[in-house]
Amino acid sequence: MQKAILRKAPSQKKIILDKSSSAIFESLKAWRKKIAEEENVPPYIIFGDKTLLDVAQKKPSSKRELLECYGIGNQKAERFGFSLLRIVRSD
């Protein structure tokens, strides 16, 4: 199985994603960029990389599971949950 390695600053742990999680992460980043451009805000305002990584690793299949991901509360789950779950399911 091919693994993607995302390197972080020396003070942070290295995060290793399997092929499936890596594909989800890349799809989530592309989606976030599109939303950020539409709303004229920096991408991190939509979600930070840590949140997208957690979603890619956990692969939630429901809003309840999505709420267990880092950085996702009720407001963001309501606003973006459908899109996030659709991306996770499609990859």
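Let us look at the structure shown here. Every residue gets a number counted from 1 within its own chain, in the order that chain's sequence is written. Note on the predicted model: pLDDT of at least 70 is required for a residue's local features to be given, and 80 or more for side-chain atom pairs to be given and counted; whole-chain, interface and lining totals, by contrast, use all residues. In computing side-chain properties, one takes all heavy atoms of the structure into account and sets aside hydrogens as well as water.

**Here's the deal with the overall build of the chain**
Note on conventions: DSSP H or I runs of at least 4 residues are helices, E runs of at least 2 residues are strands, and numbering of each starts at the N terminus. Along the chain, the regular secondary structure elements total 5 helices and 2 strands. Shown N-terminal to C-terminal, the secondary structure of the chain runs as helices and strands in the order β-β-α-α-α-α-α. Every one of the 91 residues in the chain was classed for burial, and the buried ones make up 33%. Each residue's exposure class comes from its accessible area (1.4 Å probe, protein chains only) as a fraction of the maximum for that residue type: buried when under 20%, exposed when over 50%, partly exposed otherwise.

**With respect to the environment of glutamate 68**
Following the sequence through the fold, glutamate 68 ends up in the loop between α4 (63-66) and α5 (74-90). For the pair glutamate 68 and lysine 58, spaced 10 residues apart in the sequence, the C-alpha separation amounts to 9.0 Å. Two residues qualify as a contact provided that any one of their heavy atoms is within 4.5 Å of a heavy atom in the partner residue. In contact with glutamate 68, other than residues within four places in its own chain, are Asp54 and Lys58.

**Some words on the pattern of salt bridges**
Salt bridges are defined by distance alone: a side-chain nitrogen of Lys or Arg within 4 Å of a carboxyl oxygen of Asp or Glu. Going through the model one piece at a time under the given rule, you end up with 6 salt bridges. Residue aspartate 54 pairs with lysine 58 through a salt bridge whose shortest N-O separation is 3.0 Å. Here lysine 58 and aspartate 54 lie together in helix α3 (residues 49-58), a separation of 4 residues that amounts to about one turn. The exposure class assigned to aspartate 54 is buried, which follows from its relative accessible area of 12%. Judged by its relative accessible area of 45%, lysine 58 falls in the partly exposed class. With its nearest N and O atoms 2.1 Å apart, the salt bridge here joins glutamate 78 to lysine 63. You can see glutamate 78 sitting in helix α5 and its partner lysine 63 sitting in helix α4, a full 15 residues away along the chain.

**A short note on unusual backbone geometry**
Even without being a glycine, asparagine 40 presents a positive backbone phi close to 55 degrees. The topology assignment puts asparagine 40 in the loop between α1 (19-39) and α2 (43-46). Even without being glycine, lysine 59 reaches a positive phi, approximately 50 degrees. In this fold, lysine 59 is placed in the loop between α3 and α4.

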